[in-house]
Amino acid sequence: MWPRGRNAFLAGCGDISPASCIYRDSLVTNLMNPKATFFFVALSAPLLEKNHDPSDALFICFLIVATGTAGWILWALVFRWQPIRSFYGRYAGILDGILSLVLAGFGFSMLYSFGRMAVENFS
């Protein structure tokens, strides 16, 4: 049975500190996420051409993990500030709707760009 209560999330940590446990679980979750994997592959593929040193791939992987970690730490620190947290609590639906429209716009823009590129290359 799954553990319940306040420490249910940290039940599998053992001797690891809670922050390290949360980071480990989040990193493993993102590395196993197919969308994240495709994103990282798409992001790094143009940077790794045939003549590059294999250490470039390791550096890019480190850079992706480091910037992602720094970004999420910054995001968590911003949301610890009470005015930001209360503002988001009041307007979460509106902000999520706006973000959804922006992301949908990016998606349609990419589809349009890829469609044009496919038509130009195969015509």
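Cut-off values and rules
- Residues numbered from 1 in each chain as written.
- Predicted model: local features only at pLDDT ≥ 70, side-chain atom pairs only at ≥ 80, totals over all residues.
- Heavy atoms only, no water.
- Helix = DSSP H or I, 4+ residues; strand = E, 2+ residues; numbered from the N terminus.
- Areas by Shrake-Rupley, 256 points an atom, 1.4 Å probe, with all protein chains shown as cover.
- Phe/Tyr/Trp six-rings, centres within 6.5 Å; stacked < 30°, edge-to-face > 60°.
- Buried < 20%, exposed > 50% of the residue type's maximum accessible area, 1.4 Å probe, protein only.
- Salt bridge = Lys/Arg side-chain N within 4 Å of Asp/Glu carboxyl O.
- pLDDT = per-residue confidence, 0-100.
- Axes fitted to C-alpha atoms, helices over the stretch in contact; angles between N-to-C directions.
- Parallel < 35°, antiparallel > 145°, perpendicular 65-115°, else oblique.
- Contact = heavy atoms within 4.5 Å.
- Nonpolar A, V, L, I, M, F, W, Y, C, P; charged D, E, K, R; others polar.

1. Structural notes on the overall build of the chain
Within the chain one finds four helices and zero strands. For the chain, the accessible surface area stands at approximately 10800 Å², while carbon and sulfur atoms represent 71% of it.

2. Structural notes on the packing of aromatic side chains
Summed over all chains, the structure comprises three aromatic pairs. When the centroid spacing of 4.9 Å and the interplanar angle of 50° are considered together, the rings of phenylalanine 87 and tyrosine 91 count as tilted. In this pair, phenylalanine 87 and tyrosine 91 are both assigned in helix α4 (residues 82–122), four residues apart and thus about one turn of the helix distant. Phenylalanine 87 gets classed as partly exposed once you look at its relative accessible area, which sits at 40%. One aromatic cluster is present, built from ring pairs that chain together Trp75, Phe79 and Tyr88.

3. Re the pattern of salt bridges
Note on pairing: side chains with opposite charge can pair once their charged atoms come close. Applying the stated criterion across every chain, the model contains two salt bridges. In this structure, aspartate 25 engages arginine 24 in a salt bridge whose closest nitrogen and oxygen atoms are separated by 2.9 Å. With a shortest N-O distance of 3.5 Å, arginine 116 and glutamate 120 are connected by a salt bridge. A residue pair is termed a helical-turn pair when its members lie 3 or 4 positions apart in one helix, as arginine 116 and glutamate 120 do in helix α4 at four residues.

4. Remarks on the confidence of the model for the chain
Confidence in the prediction for the chain averages 79 pLDDT; 85% of positions are at 70 or higher. Looking at the elements of the chain, mean pLDDT is at its lowest for helix α2 (residues 34–44), recorded as 75, and at its highest for α4, recorded as 89.

5. Some details on the packing of helix α3 (residues 54–80) against α4
The contact between α3 and α4 brings their axes to 5 Å, and the two run at 85°. Considering the angle they form, α3 stands roughly perpendicular to α4. Between α3, through Val78, Phe79 and Arg80, and α4, the contact on the second element is made entirely by Gln82, Ile84, Arg85 and Tyr88. Here the residues of the contact of α3 with α4 are counted per class, giving four nonpolar, one polar and two charged.

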